[in-house]
Amino acid sequence: MPCGIRYMFDTLDTSSTFSKRFMSEKRIMTDAVEIEAYYRILGAYLALDPASGVLHDVSVKLSGIRDIRNTISRLASGTVLDDVELFEIKSLAILNEEVRLLLKDFPYNSLPSSETVLAILDPSGNRALSFYIYDSYSEELRAARKRLSSLDEGEEHDRAFAEVLLIEDSVRKNLCKSLSVNSDVLSKSLHELADIDVFIAKARQIRTLGLCFPRVSDRCMTVYKGMFNPKVRSVLVEKGKVYVPVDVKFGRETVSVIGANMGGKTVAIKTVALNQILFQYGFGIPAFEAEVDIKNDILLSIGDEQNDSDGLSSFAAEMKSIDLIIKKTDKYGPVLAVIDEPARTTNPVEGTALVEALVTRLRDSGSSVLLTTHYNIKNDRCRRYRVKGYRDGRMDYRLEESTSSDVPMEALDIAKSLSIDTEWINIAGLLLN
Amino acid sequence: MPFIDRILKCKSLSIVGMEKNTGKTEALNYILGRLPSPLKVSVTSIGIDGERVDQVTETAKPEIYLKKGMIFGTAERFYRSRMLVSEVLDVGFENTSMGRIVTAEVVCGGKVLISGPSSAAGLERWNKSLDRYGVSLKIIDGALSRLSSASPAISEAMILTTGAALSANIDTLVSKTLFTVNLTSLPKVPDHVYSGFRNCEGGIWTMSAGGQVRMLEMPSSFSVDALEKTDFTDVEYLYVSGAVTERFLNKLRGVMKGGMLVVRDFTRFFVSRQAFASFMRAGNGIGVMNRTELLAVCVNPVSPAGFVLDSDRLVGMLREKTDVTVCDLRRI
């Protein structure tokens, strides 16, 4: 999704790669109670003092998480695991207990106890991060190994070894039988640890990027104050420029955003889409303040979708993309749909008609639809925003609500500021007058 | 035990075979069998890169006998078919072409197939991870091969194995072996050159008399034409981070003006003795970033094809031309 979500995922520094992958496999949250509960927990992690060392210790431990979902489900189905897999399960159990201990005073510590698993895999109780089928599991095994150690290389050694293997296999089978009863606990432990990793990383990201905690809207409104796009902001900062945050608000209606070229219209609507996704994934929100209306899905039509391999022209690709949005809006609403310059790839006369018609088509859908356009659309039942625009030689990116439907005519001024061929621009100016 | 004492003074050792079936396994088992028990030893071997996986099944890595207390690293699939009792200490996160690397400690001695990391970075990481187990001597089983980027030359010391498998002709065998022996004695570059080229990843780099390091616009030593366009007047050192081919060396000889060619280590040369000698005769120098001390050359006079060379003669011819310890392990 080309709205900056990749940047947010990339700057989320979880201790293990599994945690991030696990998070991205989940669906967005759509239940208000679930979302509120999630942010409460995130708030508690944010409240933990970073200087206390607990967070650091937990993060270090969490870097040892391995993706053993497959191993756990095989255990549950009765398969006998090998030493390497048992080692991984033991590691998970030890990690679980260590993190559980570190977070013992944390209000939302929901890690299960893996003492039962450790009782099976760590008979000596020394919590060593290592494993094999210990002598202590079977006297028969201890004796067989003693005999093996006394023999030199050769046939007798090999025979003695085969005997050791047989006993090991039988011990292993029993171990797995006892363990499989605990596979739910192991599964829960793995998921919870991954969640904790993500919570801690999200809290860190909130501090680093200056994000805010959102409110779940109970009046179907989405209101952002001081909204910014973190990826775009980082690019600007690198160039020594400043990002101008914007304010915007809308309900379940169609919103058109007009304004000068390079005025940040596209970035603004992309950021609205970004923030909706972040909200329903439980991230901090890039804004000073945010009240967000929950949506069933987030749909985008942005950028040049022309795909040579499909044999589609830009226009066809664009139309198909919007068509898909209309269908999904009808079927799965309320959604957030964000459409950048619909019908831009055709003649202005039909284009204007298409955009006006789109506004009418989706106006009463019960979804929030944001679109940008350069066309003069006369639709009066649509909220209108315009970029403040080019004034005093600088671009003011802030949005203001506008009653006029007339698009600003600043293209020539902007072209001049870019030092585009003066002869060409002057001729254009003459044509307009 | 001609060189065991010298081995005990080292922290890391490579066993390198000039060719398969030159007695590398015997040398390794010989050494492992004679190391004193309290010494904490680790063993791994340089694995083979992805596309050559079939080569492993075709020429199975030798089985090594490990004693109680030794730590080893091998691919998961070989760990499963081990013939010893061992405790899993760690499982690598990276998936190599042969699976993940399992690190384990031997509980009851026996044999195991060892195939470890195949990349230079992987090998270094694994070696580093051993520090927490208190390993005093790290042994790497390697080969002079283009098949992997990992080089055995990251060790302090080295044992080279050679033999009839390299050549049926005793003179060819001796001269090829001596060439490699001489390569191992290439000098290490001065400290300022080492630090200058240390972080240069990939490609070819130059250093001027003033110590300035620049990268050449050449992807590798396989594209030699760009050498002609380079101005060598102020080039004191030329560092090739990858392999040096014969074509490259010959071309370089024509354009270099008395500077020094620098390579990572002696295993990066894939050139003939003649090309090498010509390069040196033209007044150029060669240095290495990493130098390994060659402790001994072990000779295996038996060829897999069935014939046996005269061991005394072979050992004698080698001893004539080098001060390095030479021996036939079967005769000790």
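Since we're looking at a predicted model, the values are computed, not measured.

Observations regarding the overall build of chain B
Thought 1: Along the backbone of chain B there are 11 helices and 17 strands.
Thought 2: Seen along its three principal axes, the alpha-carbon backbone of chain B occupies a region of about 60 × 50 × 40 Å.
Thought 3: A total of 332 residues make up chain B; the buried ones form 55% of that total.
Thought 4: By element, 48% of the accessible surface of chain B is carried by carbon and sulfur atoms, the whole surface being about 14,500 Å².
Thought 5: Here chain B contributes 40 positive and 34 negative side-chain charges, whose respective centroids are spaced 2 Å apart.

With respect to helix H3 (residues 32-47) of chain A
All names here are of chain A.
Thought 1: Across its 16 residues, H3 extends 22 Å between first and last C-alpha, which sits within 8% of the 22 Å expected from 1.5 Å per residue.
Thought 2: Listed as buried for H3 are Ile35, Tyr38, Tyr39, Leu42, Ala44 and Tyr45.
Thought 3: Looking at the buried side of H3, the elements it contacts are helix H10 (183-209), strand S1 (215-216) and helix H12 (265-280).

Structural notes on the interface of chain B and chain A
Thought 1: Contacts between chain B and chain A engage 22 residues on the former and 24 residues on the latter.
Thought 2: Where chain B abuts chain A, roughly 1,700 Å² becomes buried across the two surfaces, and 59% of that area is made up of carbon and sulfur atoms.
Thought 3: On the chain B side of the contact with chain A, Val85, Val88 and Phe93 of chain B bury the most area, a combined 27% of that side's loss.
Thought 4: Our count for the contact surface shared by chain B and chain A stands at five salt bridges.
Thought 5: Among the salt bridges present, the one from arginine 82 of chain B reaches aspartate 83 of chain A, with a minimum N-O distance of 3.0 Å.
Thought 6: There are nine residue pairs in polar contact (both at pLDDT 80 or more) connecting chain B and chain A.
Thought 7: Elements with a minimum of two residues in the side of chain B that touches chain A: helix H4 (76-80), strand S5 (83-91) and strand S6 (101-113) of chain B.
Thought 8: Considering only residue class, the side of chain B that touches chain A consists of 12 nonpolar, three polar and seven charged.

Observations concerning the sheet that holds strand S9 (residues 204-207) of chain B
Residue and element names in this part refer to chain B.
Thought 1: Here five strands make up an open sheet; going across it, the order is S10-S9-S11-S13-S15 and the pairing mixed. Of all the strands in the sheet, the pair left with one neighbour each is strand S10 (213-215) and strand S15 (285-288). The average angle at which neighbouring strand axes cross in this sheet is 25°, direction not considered.
Thought 2: Running at roughly 170° to strand S11 (residues 237-240), helix H9 (residues 246-255) makes contact with S9, S11 and strand S13 (260-263) of the sheet.

Brief notes about the packing of aromatic side chains
Ring pairs (aromatic) are described by centroid distance and by the angle formed between their planes.
Residues and elements named next belong to chain A.
Thought 1: In the structure shown here, the tally under the stated rule is 18 aromatic pairs over all chains.
Thought 2: Aromatic side chains tyrosine 39 and phenylalanine 213 sit 5.9 Å apart centroid to centroid with 70° between the ring planes, which places their arrangement in the edge-to-face category. One end of the pair, tyrosine 39, is in helix H3; the other, phenylalanine 213, is in the loop between H10 and S1, with 174 residues separating them in the sequence.
Thought 3: Overall, phenylalanine 213 belongs to the partly exposed group, its relative accessible area being 32%.

With respect to the pattern of salt bridges
Thought 1: Overall, the coordinates contain 44 salt bridges over all chains when judged by the stated rule.
Thought 2: Notably, a salt bridge pairs aspartate 141 of chain B with lysine 24 of chain B, separated by 2.3 Å at the nearest N-O pair. Taken as a pair, aspartate 141 of chain B in strand S7 (residues 137-143) and lysine 24 of chain B in helix H2 (residues 24-34) lie far apart in primary sequence, 117 residues in all. For the pair shown, aspartate 141 of chain B and lysine 24 of chain B are each scored as buried.
Thought 3: Note that glutamate 26 of chain B is salt-bridged to arginine 330 of chain B, the shortest N-O span being 3.1 Å. With glutamate 26 of chain B in helix H2 and arginine 330 of chain B in the segment after strand S17 (325-327), this pair connects stretches of sequence that are 304 residues apart.
Thought 4: It is possible to trace a salt-bridge network through shared partners that takes in Arg66, Asp82 and Glu88 of chain A together with Glu76, Arg80, Asp90, Arg100 and Arg132 of chain B.

Conventions used here
Residues numbered from 1 in each chain as written. Chains lettered and ligands numbered in written order. Predicted model: local features only at pLDDT ≥ 70, side-chain atom pairs only at ≥ 80, totals over all residues. Heavy atoms only, no water. Helix = DSSP H or I, 4+ residues; strand = E, 2+ residues; numbered from the N terminus. Buried < 20%, exposed > 50% of the residue type's maximum accessible area, 1.4 Å probe, protein only. Areas by Shrake-Rupley, 256 points an atom, 1.4 Å probe, with all protein chains shown as cover. Lys, Arg positive; Asp, Glu negative; His and termini not counted. Charge placed at Lys NZ, Arg CZ, Asp CG, Glu CD. Expected span 1.5 Å × (residues − 1). Contact = heavy atoms within 4.5 Å. Buried area = accessible area lost by both parts, 1.4 Å probe. Salt bridge = Lys/Arg side-chain N within 4 Å of Asp/Glu carboxyl O. Polar contact = N/O pair within 3.5 Å; in protein donor to acceptor, adjacent residues only side chain to side chain. Nonpolar A, V, L, I, M, F, W, Y, C, P; charged D, E, K, R; others polar. Pairing = 2+ DSSP bridges. Axes fitted to C-alpha atoms, helices over the stretch in contact; angles between N-to-C directions. Phe/Tyr/Trp six-rings, centres within 6.5 Å; stacked < 30°, edge-to-face > 60°.

Nothing here speaks to function; it is all geometry.
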